[in-house]
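So you can see what is in the structure, the chains are spelled out below.
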Amino acid sequence: MLPTPAYDALTRTYDRLYRLGHLQALAGWDQAAKMPPKASDARAAALSEMAALLHRLRTDPALADAIARAEQEALSELQRANLREIRRDWQRANALPEALVQRRQLAASRCEHAWRTQRPANDWAGFLQNFREVVHVAREEAARLADDSGLTRYDALMERYEPGMTSASVDRLFGELRQWLPPLLDRVCARQASRPRLLQPVGPFAVEAQRRLCEQVMQLLGFDFGAGRLDVSAHPFCGGVPEDVRMTTRFTEDDFLGSLLGTVHETGHGCYEQNLPREWLGQPVAEARSMAVHESQSLSFEMQLGGHPGFVALLAPLLGAAFGAQPAFEADNLQRLMTRVEPGLIRVDADELSYPAHVMLRYEIERPLIEGQIEAEDIPALWDAKMLELLGLDTRGNYRDGPLQDVHWSEGGFGYFPCYSLGAMFAAQWFAAMRRELPELDARIGAGELAPVFDWLREHIWRQGCRWTTDELALRASGETLNPAHFKAHLEARYLG
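Observations regarding the overall build of the protein
Reasoning step 1: Helix and strand counts for the protein come out as 20 helices and three strands.
Reasoning step 2: The C-alpha atoms of the protein give 23 Å as radius of gyration, which agrees with the globular expectation for 497 residues (23 Å, within 12%).
Reasoning step 3: In terms of its C-alpha atoms, the protein occupies a principal-axis envelope of roughly 70 × 55 × 45 Å.
Reasoning step 4: Out of the 497 residues in the protein, the part that is buried amounts to 56%.
Reasoning step 5: Considering only contacts in the protein between residues 6 or more positions apart, those separated by 24 or more positions represent 75%.
Reasoning step 6: Counting only carbon and sulfur atoms, one obtains 52% of the accessible surface of the protein, whose full area is about 20200 Å².
Reasoning step 7: For the protein, the centre of its 54 positive side-chain charges and the centre of its 69 negative side-chain charges are spaced 1 Å apart.

See the structure below:
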């Protein structure tokens, strides 16, 4: 085997970046889950300093020469894939000056920390004071990334999360959704309204009992508590690194399903991270392929598997043990409860059918916001109009359950939201491929066997990391690139029989 000194030097740099990124991730998790409020300014400064340090390492001029020399070396197919991802990371980093990276981290930390108290207080005016700077920094970042890549400003931000995806493609996919989703939603709501009365669970549901239940379900889904943990934050998330996954959920005593399904969702993210190729950890090729693929894992767990009668039958006795037996926990009623379609204000609590409307709403606001066509002050009126149009709901004056409900914008995560619906489409496509390969899949899930699902995902998605582009990964896993027809077919089969 020929020596590869330039490539080896790059891998050493990225091993170091990975280790420092581990600490950065833990500081971010602690900021959301454990940090005392008076530490906010100090933590924001510390995270800004870490962001600058990592940026400095990524933009070291020596890396450009190492990448050029490594491209001439005799590398394996996996090494070539890793080099491709290193080059992409280097190009993105070099498009942004260090001062802007620091400003972004500071603005996001301050805005997110204040958001935690502003949201429950319905304080949109207070939120705007920090949010304007987040938007200002995001626009500057988008402009620099666009100049470097030749993409539009919004596409340049979306490319960080979903390489190769453009707003033109999203417009086409969401345009199709807008055609068939509203009438399907109406048909399903009418069908469900004609069925016998649904039994509602009777609370309160003790938080500690909910926590134990969530941890039981995480174990059922294969989460390794030796390499991760569950905590509480204002907005559920999954962070950390594969060896140290940090998940959060949130609890309320009058509803256990929100925390349970949120935990199932985050467990999909966590299991993906824990099953990335360990022999390549520290290198970009061992990272998750994209955020749409990541969301396809969380939605494979929460929606595809979570709404399956076989999985619901596994949950039913756990609920009785956690909260005491009651008629609402009978498997048939629980199945109806977990697949109930009822448009609501909160995205993370939305049913499978109305969820895409929440994503389209956010996409249709954040894209013109980044492109400079609207300002932050315009968001509430646009939100109200689009919520009425898409879901028939009135949100006037309700900022808490309106534009303040998500953490993404306060953190500057513009370009992320489309990944949720792209992920739902991929999740339906993965299960369609599973059923072709394993015709007995539904019967096995019905018998309480979840291993076939995990085995398929591990082989086709988890262990592949960033070895392939998203299109190539989809082709190898399912025989085709992203095909939204599978999502429509899944919804029609589940909700119309």
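Things to note about the pattern of salt bridges
Reasoning step 1: This model, assessed by the stated rule, comprises 40 salt bridges.
Reasoning step 2: In this structure, the salt-bridge partner of E141 is R160, at a minimum N-O distance of 2.9 Å. With E141 in helix α6 (residues 124-149) and R160 in helix α7 (residues 153-161), this residue pair connects regions lying 19 residues apart in the sequence. Neither E141 nor R160 differs from the other in exposure class; each is buried.
Reasoning step 3: Residue D442 is joined to R435 by a salt bridge in which the shortest nitrogen-to-oxygen separation is 2.8 Å.
Reasoning step 4: In this structure R435 comes out as partly exposed when scored by relative accessible area, which is 32%.

With respect to the packing of helix α1 (residues 5-33) against helix α3 (residues 61-70)
Reasoning step 1: Between α1 and α3, the shortest axis-to-axis distance is 8 Å and the interhelical angle comes to 135°. Judged on the interaxial angle alone, α3 and α1 are oblique. With respect to the hand of their crossing, α1 and α3 are arranged in left-handed fashion. Where α1 abuts α3, its residues A6, Y7, L10 and T13 lie against L63, A66, I67, R69 and A70.
Reasoning step 2: Residues that form the contact of α1 with α3 fall into these classes: seven nonpolar, one polar and one charged.

A closer look at the packing of aromatic side chains
Reasoning step 1: In the structure shown here, the tally under the stated rule is 23 aromatic pairs.
Reasoning step 2: Each member of the aromatic cluster is reached from another via a ring pair, and the members are Y161, Y355, W383, W409, Y416, F417 and Y420.
Reasoning step 3: Over the face of the ring belonging to Y420 we find R347, whose NZ or CZ atom lies 4.5 Å from the ring centre.
Reasoning step 4: Seen from the ring of W468, R476 lies directly overhead, with NZ or CZ sitting 3.6 Å from the centre.

Brief notes about the side chain of D384
Reasoning step 1: Counting through the fold element by element, D384 comes out in helix α15 (residues 379-391).
Reasoning step 2: Within the buried set, D384 has no salt-bridge partner at all; the shortest N-O distance to an opposite charge, 6.0 Å, is to R396.
Reasoning step 3: At 2.6 Å, the side chain of D384 forms a polar contact with the side chain of T395.
Reasoning step 4: D384 has contacts with L393, T395 and R396, leaving out every residue within four places of it along the chain.

Some details on the packing of α1 against helix α4 (residues 77-94)
Reasoning step 1: Where α1 contacts α4, the axes come no closer than 11 Å and their chain directions differ by 60°. Taken together, the axes of α1 and α4 are oblique relative to one another. Note on packing geometry: the crossing formed by α1 with α4 is left-handed. Of α4, the residues touching α1 (which contributes Y7, L10, T11 and Y14) are Q79, N82, L83, I86, D89 and W90.
Reasoning step 2: Taken together, the residues of the contact of α1 with α4 break down into six nonpolar, three polar and one charged.

Looking at the environment of F127
Reasoning step 1: Mapping F127 onto the fold places it in helix α6.
Reasoning step 2: Linking F127 and L404, residues 277 residues apart in sequence, is a C-alpha distance of 8.3 Å.
Reasoning step 3: Setting aside chain neighbours within four positions, we find F127 in contact with C111, W115, Q118, L404 and S410.

Some points on helix α19 (residues 470-478)
Reasoning step 1: Those residues of α19 that fall on the buried side of the exposure criterion are T470, L473, A474, A477 and S478. Viewed end-on, α19 has its buried residues packed into an arc of 95°, placing them on one side of the element.
Reasoning step 2: Residues of α19 that are buried make contact with α11 (291-305), α16 (418-437) and α18 (451-460).
Reasoning step 3: Remark: G479 follows α19 within two positions and exhibits a positive phi of approximately 90°.

Considering the nonpolar core
Reasoning step 1: Grouped together as the largest cluster of nonpolar side chains are 128 residues, with contacts concentrated most on F131, F414 and I461.
Reasoning step 2: Here this core takes twelve residues from α16, the largest share from any one element.
Reasoning step 3: In terms of nonpolar packing, the next biggest core, distinct from the first, is built from 21 residues, A6, M50, I86 and W280 among them.

Regarding unusual backbone geometry
Outside of glycine, negative phi angles account for most residues, and trans bonds account for most peptide bonds.
Reasoning step 1: The peptide bond linking G203 to P204 adopts the cis configuration, its omega dihedral lying at 5°.
Reasoning step 2: You can see P204 is positioned in the loop between α8 (167-193) and α9 (207-220).
Reasoning step 3: The phi torsion at N122 lies on the positive side, around 60°, for a residue other than glycine.
Reasoning step 4: You can see N122 is positioned in the loop between α5 (98-118) and α6.
Reasoning step 5: Judged by its relative accessible area of 29%, N122 falls in the partly exposed class.

Things to note about the environment of G413
Reasoning step 1: The residue G413 is located in the loop between α15 and α16 in this model.
Reasoning step 2: Taking C-alpha positions, G413 is 8.6 Å from L157, a pair spaced 256 residues apart along the chain.
Reasoning step 3: The contacts of G413, once residues within four sequence positions are left out, are R104, Y161, E366 and H408.

Cut-offs used in this document
Residues numbered from 1 in each chain as written. Predicted model: local features only at pLDDT ≥ 70, side-chain atom pairs only at ≥ 80, totals over all residues. Heavy atoms only, no water. Helix = DSSP H or I, 4+ residues; strand = E, 2+ residues; numbered from the N terminus. Rg over C-alpha atoms; globule rule 2.2 N^0.38 Å. Buried < 20%, exposed > 50% of the residue type's maximum accessible area, 1.4 Å probe, protein only. Contact = heavy atoms within 4.5 Å. Areas by Shrake-Rupley, 256 points an atom, 1.4 Å probe, with all protein chains shown as cover. Lys, Arg positive; Asp, Glu negative; His and termini not counted. Charge placed at Lys NZ, Arg CZ, Asp CG, Glu CD. Salt bridge = Lys/Arg side-chain N within 4 Å of Asp/Glu carboxyl O. Axes fitted to C-alpha atoms, helices over the stretch in contact; angles between N-to-C directions. Parallel < 35°, antiparallel > 145°, perpendicular 65-115°, else oblique. Left-handed = near helix turned anticlockwise from the far one by under 90°. Nonpolar A, V, L, I, M, F, W, Y, C, P; charged D, E, K, R; others polar. Phe/Tyr/Trp six-rings, centres within 6.5 Å; stacked < 30°, edge-to-face > 60°. Lys NZ or Arg CZ within 6 Å of the ring centre and 35° of its normal. Polar contact = N/O pair within 3.5 Å; in protein donor to acceptor, adjacent residues only side chain to side chain. Arc of directions from axis to C-beta. Core = buried A, V, L, I, M, F, W, Y, C linked by side-chain atoms within 4.5 Å.

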